[in-house]
Amino acid sequence: MHRLKWAGIVSGLMRYLEVARRVKTRPEGPQGAHNRSYERNELNEKSERSPGPPVQVRGLGVAYRLIEDPGRVPEVLERLDGAPAVGVDIETTGLDPYKARVRTLQLAVPGLVYVIDAHRVDLRLLRPVLESEAFKILCHGKFDLRFLLQAGLGVANPFDVMLADQVLRAARDPRGLAALAQEYLGESLDKALQRADWSGELSSAMLEYAARDAAVLLPLFAKITDRIKAEGLGR
């Protein structure tokens, strides 16, 4: 019963995914160029501070770059422009979106995760990424989307790997990111820092934790959509 109920939802997602994969970046006309110029002018002047090299996330073959200077946002927008899918994750100072706030926003593409320090960078500057045609891959997206909405951000084309896994198992209860990473990727995620105090300064352990959670989202998306197709739910 549950499998039949959700099969139509997943089928619709998969059809939309195939359409999204065929979308090509269109050249900007004068109006598009004007809009992009306007968005860039909303940012601070380009930073003269040279960013450090990306930091490797142990065991994943992925690096992360911390963005705590608004002047570095244009490089994030440029790097993610045209990506067919972007992993999206957040860390927060609490569980209630009306009382707590986003502490970091993580944006992942193959090989690289940007960790945005929300205490130093206005997350609304990342709107072009979050509202783009790319699929935004989340886990427990309901939680993340509520916090992002409170921060003034909408997210277009979300795909929740937790819900997709729930459909595949025809299960009543969802599974968290650690369980999904273990089953689909054979990766162990240490979630001890999930309960840490994220309201203060970010330690290197916190940054790696945040980057690691985001880094597994795209591989999970690939594995889960492959299984959806194998089960015949994407037809």
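Residues numbered from 1 in each chain as written. Predicted model: local features only at pLDDT ≥ 70, side-chain atom pairs only at ≥ 80, totals over all residues. Heavy atoms only, no water.

1. Details of the environment of I67
The following threshold applies: Every helix listed is a DSSP run of H or I at least four residues long, and every strand listed is a run of E at least two residues long, numbered separately from the N terminus. A contact between two residues is defined here by any heavy atoms of the two lying within 4.5 Å.
Looking at the secondary structure, you find I67 in strand β2 (residues 62–67). I67 sits 47 residues away from Y114 along the chain, and the two C-alpha atoms are 6.8 Å apart. Setting aside chain neighbours within four positions, we find I67 in contact with R72, E75, V76, Y114, V115, I116, D117 and V121.

2. Overview of the side chain of Q106
The condition that has to hold: For the purposes of these results, a polar contact is taken to be a pair of N or O atoms within 3.5 Å, where, inside protein, one atom must be able to donate a hydrogen and its partner to accept one; residues adjacent in sequence count only when each atom of the pair is a side-chain atom.
Looking at where Q106 falls in the secondary structure, it is placed in strand β4 (residues 102–109). For Q106, the side chain forms a polar contact with the side chain of E91, separated by 3.5 Å. With sequence-adjacent residues up to four places away left out, Q106 is seen in contact with G87, V88, D89, I90, E91, V113, Y114, V115, A210, A211 and A214.

3. Brief notes about the layout of surface pockets
Basically, it comes down to this: Grid spacing is 1 Å over the protein atoms alone, the probe is 1.4 Å, and a cavity is where that probe fits but cannot get out, while a pocket is an open set with protein on both sides within 12 Å along at least five of seven lines and lining residues have an atom within 4 Å of a point. Grid points are joined across faces, edges and corners, and a volume is the space filled by probe spheres set on the points. Gly falls in the polar group here, along with every residue not listed as nonpolar (Ala, Val, Leu, Ile, Met, Phe, Trp, Tyr, Cys, Pro) or charged (Asp, Glu, Lys, Arg).
Of the pockets and cavities examined, the second largest pocket occupies roughly 570 Å³. In this structure, the second largest pocket is lined by 23 residues; those nearest its centre are I90, E91, F143, Q194 and Y209. Put simply, the parts of the chain that give the lining of the second largest pocket at least two residues each are β3 (85–92), α5 (141–150) and α8 (204–215). In terms of residue count, β3 provides more of the lining of the second largest pocket than any other element does, 4 residues in total. Each residue belonging to the lining of the second largest pocket can be placed in one class, and the counts come to 10 nonpolar, 6 polar and 7 charged.

4. Thoughts on the pattern of salt bridges
Selection rule: For this analysis, a salt bridge means a side-chain nitrogen from Lys or Arg found within 4 Å of a carboxyl oxygen belonging to Asp or Glu. Exposure classes here rest on a 1.4 Å probe applied to the protein chains alone. A residue is buried below 20% of its type maximum, exposed above 50%, and partly exposed in between.
The full count for this structure, using the stated rule, is 15 salt bridges. Measuring nitrogen to oxygen at the nearest pair gives 4.0 Å for the salt bridge that ties R120 to E68. Of this pair, R120 sits in the loop between β5 (112–117) and α4 (127–130) while E68 sits in the loop between β2 and α3 (73–80), placing them 52 residues apart in sequence. Judged by relative accessible area, R120 falls into the partly exposed class, the value being 37%.

5. Describing the packing of α8 against helix α9 (residues 217–230)
Cut-off, in case you're wondering: For helices, the fitted line uses only the C-alpha atoms of the stretch in contact; every axis is such a line through C-alpha atoms, and the angle between N-to-C directions lies from 0 to 180 degrees. Each angle receives one of four descriptions, namely roughly parallel if under 35 degrees, roughly antiparallel if over 145, roughly perpendicular if within 65 to 115, and oblique otherwise.
For the pair α8 and α9, the least separation of the axes is 5 Å and the interaxial angle reads 20°. Classed by the angle they form, the pair α8 and α9 counts as roughly parallel. Along the contact surface, α8 presents D213, A214 and A215, while α9 presents L217, L218 and P219. In terms of residue class, the contact of α8 with α9 is built from 5 nonpolar, no polar and 1 charged.

6. Thoughts on helix α6 (residues 161–168)
Taken across its 8 residues, α6 has 7 buried, putting it largely inside the fold. Three or more residues of α6 are buried, namely V161, M162, A164, D165, Q166, V167 and L168. After α6 finishes, the residue A170 shows a positive phi value of roughly 45°.

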